[in-house]
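# Coordinate analysis (summary)
What follows is the residue order along each chain.
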Amino acid sequence: MNSFVVKVSNLVKTFETKKIIKNISFNVNENSVTGVLGKNGAGKTTLLGMLMGLISPSSGNIEILGKNLFFKKNEILKDINFQSPYIDLPKKMTVEQNLFFYSRLYGIKKFKDIIYDLVKKLKMSDLMKKNYGSLSAGQKTKVNLCKALINNPKLLLLDEPTASLDPETSIFIREFLLDYQKKNKSSILITSHNLEEIQSICSKIILLKLGRIASNGNLNELLKTNNYSSLKDFFLGQG
Amino acid sequence: MFGRILALIIRYKTISFGSFPRLLSIFYWPSVQILFWGFFSNFLIENNTTPFIGVLSIILSAVVLWDVLFRGQLGLTMSFLEEIWSRNLTNLFITPLREYELVFSLIIISMLRTLIGLTPAIFLANYFFDFHLFELGFYLIFFFFNLIAIGWSIGFVVSGLVLRYGHSFEELAWAIIFILLPFSCVYYPLDSLPFMMQKIAQVFPPVYVFESMRKILIDNQVEFQQLYRIIILNFTYLLLSILFFIKMISSSRKKGLLINQGE
């Protein structure tokens, strides 16, 4: 039997009078990579925001790692993390200062060893003494990813992790994430407009359409059942 | 808990004191203020236009104490606004950081910034005008903590408003203190205000601090009833402002404002 890292039931989010998330329910399996797809305005960012406790749901229930997000938010936040190219780290601090700062916030003991190990794997040792604000988009993505992994999260939320990166860096980040997920048996929930990327790394997808779940399930089975040869065709057909 | 508070203090310290121009901006203005008022007071004394000799001490004490309030508010508000300007709120609020830990960190960094900002000004006043702030004795500590607490109360309200209602409220970070200034009776007694303004001034604690300061420096007397009033008013305002700030964070969660908030 599968155990779930995320259990969402009857989730609704309304901003003023506009319903963005319309009564959705889904689960995310342990030790899996799940893609959340949808056109702009489908509700992906709002959904991720609610899973991190940044946005309060209007109604419904979110359980993460077996704990209710409403009642045990701080316990849950110790074990999850997030990366997005659209969210910055403090620009006036060096990369090293930023990583030390976040390690302390997550209450990590002996964080220097963990950070330097991650830095080595992400091939970013030369960035440590540089100001975060002076980095290129690709370098920032690596630093953000490093920040997202410092607490060895059991659930990693990624919002378009390879957006605006050159192909070489994109491939490196993608392979790094897959390798990390397998070694740590963690779960990844990823949103991306890059359908090839989603197809290459996700075993399961959740397709959002105007705040509702249009499709949800094993990627290969969904393609087979609906007679599509690629995720791109599926997205264009269903999304 | 202490680890997270320490993390934030190190972060704010790095930003506030990490570069020379920023450090300079913290102590430059109080020093200019003290020199300006000091020379002006000397001019009044030398021309016999002032009725009593303690005027220099009163004016410079008022300048320093008013700056405690101003620096306290600015130190807290600017540290919090830095999180918004650097688009760091999302990353900050997805850590296990609790609201009260953020509140404590902002209070501590505001205190550090105020102390560092005012120290050169006090030394300059001592050197140029033979001014001894410590004439106020124990009451100096009392006034310091109460004035900085007023600064924190205003800082939490402004920070909450900027978080919830956006950048248009940032102007308040600089301006709000000057709305309070005429009602605080920093350089003149309460009864020199028109009746209606006196009534408004009495709602806020600064007026009692500056009235007490003058009473000590001129008459060498302490009105304990005023000191109690300062404590009660300050405690009430500080508590309400912290609750307001936390409420604004909660309201921002409902509105989805903690994602992508930035410059």
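Residues numbered from 1 in each chain as written. Chains lettered and ligands numbered in written order. Predicted model: local features only at pLDDT ≥ 70, side-chain atom pairs only at ≥ 80, totals over all residues.

## Here we look at the overall build of chain B
Secondary structure summary: chain B contains 10 helices and zero strands in total. For chain B, the succession of helices and strands along the chain, N to C, is α-α-α-α-α-α-α-α-α-α. In terms of overall size, chain B behaves like a compact globule, its C-alpha atoms giving a radius of gyration of 19 Å where 263 residues would be expected to give roughly 18 Å. C-alpha extents for chain B along the principal axes are approximately 60 × 40 × 35 Å. A burial count over chain B gives 41% of its 263 residues as buried. (Helix = DSSP H or I, 4+ residues; strand = E, 2+ residues; numbered from the N terminus. Rg over C-alpha atoms; globule rule 2.2 N^0.38 Å. Buried ≥ 20, exposed ≤ 12 C-beta atoms within 10 Å, placed from the backbone.)

## A few points about the sheet that holds strand S10 (residues 212-218) of chain A
Residue and element names in this part refer to chain A. On the basis of which strands lie adjacent, the open sheet formed by six strands has the order S6-S7-S8-S3-S9-S10 and mixed pairing. Two strands lie at the open edges of the sheet, namely strand S6 (80-83) and S10, each paired on one side alone. With strand direction ignored, the average angle separating the axes of adjacent strands in the sheet is 15°. Pairing of S6 with strand S7 (residues 155-159) involves four bridges; the strand directions are parallel. Note that in S7 the partner of Asn-81 across the bridge is Leu-156. Sheet strands in contact with helix H5 (residues 137-149) are S6 and S7, and its direction is about 170° off that of S6. (Pairing = 2+ DSSP bridges. Axes fitted to C-alpha atoms, helices over the stretch in contact; angles between N-to-C directions. Contact = placed C-beta atoms within 7 Å.)

## Description of the environment of A:Asn131
Positionally, A:Asn131 belongs in the loop between helix H4 (111-121) and H5. When the C-alpha positions of A:Asn131 and A:Asn98 are compared, they lie 9.3 Å apart, and in sequence the two are 33 residues distant.

## A short note on the packing of helix H5 (residues 99-129) of chain B against helix H6 (residues 138-165) of chain B
Packed helices, taken two at a time, are described by the angle their axes make and the gap between the axes. Residues and elements named next belong to chain B. Viewed as axis vectors pointing N to C, H5 and H6 meet at an angle of 130°, and their least axial separation amounts to 11 Å. By the angle between their directions, the pair H5 and H6 is classed as oblique. At the point where H5 passes H6, the crossing takes the right-handed sense. Of the residues in H6, those in contact with Ile-107, Ser-110, Met-111 and Thr-114 of H5 are Ile-148, Gly-151, Trp-152 and Gly-155. Residues belonging to the contact of H5 with H6 are distributed by class as follows: four nonpolar, four polar and no charged. (Parallel < 35°, antiparallel > 145°, perpendicular 65-115°, else oblique. Left-handed = near helix turned anticlockwise from the far one by under 90°. Nonpolar A, V, L, I, M, F, W, Y, C, P; charged D, E, K, R; others polar.)

## Side note on the pairing of strand S8 (residues 187-191) of chain A
All names here are of chain A. Among the five residues that make up S8, five are buried, leaving the element largely enclosed by the rest of the structure. The alternating pattern of S8 places Ser-187, Leu-189 and Thr-191 on one face and Ile-188 and Ile-190 on the opposite face, and all of these are buried. Relative to S8, strand S3 (residues 33-37) runs parallel, the two sharing four bridges. Paired with Thr-34 across the strands is Leu-189, a residue of S8. Two strands pair when backbone bridges link them, and S7 and S8 are joined in this way by five bridges, in the parallel orientation. Each residue of the ladder has a partner; that of Leu-158, found in S8, is Ile-190. Remark: the S7/helix H6 (residues 167-184)/S8 crossover connection has right-handed handedness. (Right-handed = clockwise from strand over helix to strand, strands pointing away.)

## Considering the interface of chain B and chain A
Contacts between the two partners involve 27 residues from chain B and, on the opposite side, 27 residues from chain A. With eight residues, the top contributor of residues to the side of chain B that touches chain A is helix H1 (residues 2-17) of chain B. A breakdown of the residues in the side of chain B that touches chain A according to their chemical character gives 10 nonpolar, 10 polar and seven charged.

## As for the sheet that holds strand S2 (residues 18-29) of chain A
Residues and elements named next belong to chain A. Across the sheet, which stays open at both edges, the four strands sit in the order S2-S1-S4-S5 with antiparallel pairing between neighbours. Edge positions in the sheet fall to S2 and strand S5 (67-68), since each has one partner strand and no second. As defined by bridge partners, strand S4 (residues 59-64) adjoins S5 across two bridges and the pair is classed as antiparallel. Following the sheet pairing, Ile-64 is matched in S5 by Lys-67.

## Some thoughts on helix H7 (residues 170-184) of chain B
Residues and elements named next belong to chain B. Taking 1.5 Å per residue, 15 residues should reach 21 Å; H7 reaches 23 Å between its end C-alpha atoms and fits that length. Its axis deflected by about 30° at Ile-176, H7 carries its strongest bend there. Of the positions making up H7, those classed as buried are Ala-173, Ile-177 and Ser-184. Contact partners of the buried residues in H7: helix H3 (55-85), H6 and helix H9 (206-219). One or two positions beyond H7, positive phi appears at Cys-185, with a value near 55°. (Expected span 1.5 Å × (residues − 1). Bend = angle between axes of the 7 residues up to and from the residue.)

## Re H9(B)
Residue and element names in this part refer to chain B. Taking 1.5 Å of rise per residue, 14 residues should cover 20 Å, and H9 covers 19 Å from first to last C-alpha, within 8% of that figure. Listed in full, the buried residues belonging to H9 are Pro-206, Val-207, Tyr-208, Val-209, Phe-210, Ser-212, Met-213 and Ile-216. Each element contacted by the buried residues of H9 is listed here: H3, H6, H7, helix H8 (195-201) and helix H10 (224-255). Taken from the residues just after H9, Asn-220 is the one with a positive phi, measuring 55°.

## Observations regarding the confidence of the model for chain A
In this model, chain A carries an average pLDDT of 90, and 98% of its residues clear a pLDDT of 70 or more. Element-level mean pLDDT values for chain A span from 75 in helix H9 (residues 231-238) of chain A up to 96 in S4(A). (pLDDT = per-residue confidence, 0-100.)

## Observations regarding the pairing of S2(A)
All names here are of chain A. Relative to S2, strand S1 (residues 4-15) runs antiparallel, the two sharing nine bridges. Following the sheet pairing, Lys-13 is matched in S2 by Ile-21. What sits between S1 and S2 in their antiparallel hairpin is a turn of two residues, with Glu-16 showing a positive phi close to 55°.

## Some thoughts on the nonpolar core
Counting residues in hydrophobic clusters, the biggest one holds 131 residues, and the most contacted among them are A:Leu51, A:Ile64, A:Leu155, A:Leu157, B:Leu65 and B:Leu147. At 15 residues, H3(B) tops the list of elements feeding residues into this core. Those residues in contact with A:Leu51 that lie beyond four places of it in its chain are A:Val6, A:Ile62, A:Ile64 and A:Leu157. (Core = buried A, V, L, I, M, F, W, Y, C linked by C-beta atoms within 7 Å.)

## Observations regarding the packing of H9(B) against H10(B)
Residues and elements named next belong to chain B. Direction vectors running N to C along H9 and H10 enclose 150°, while the axes themselves pass 9 Å from each other. Considered as vectors, H9 and H10 are oriented roughly antiparallel to each other. Crossing of H9 against H10: the hand is left-handed. Every residue of H10 that contacts H9 at Tyr-208, Val-209, Glu-211 and Ser-212 is listed here: Gln-226, Leu-227, Arg-229 and Ile-230. Along the lines of polarity and charge, the residues of the contact of H9 with H10 split into four nonpolar, two polar and two charged.

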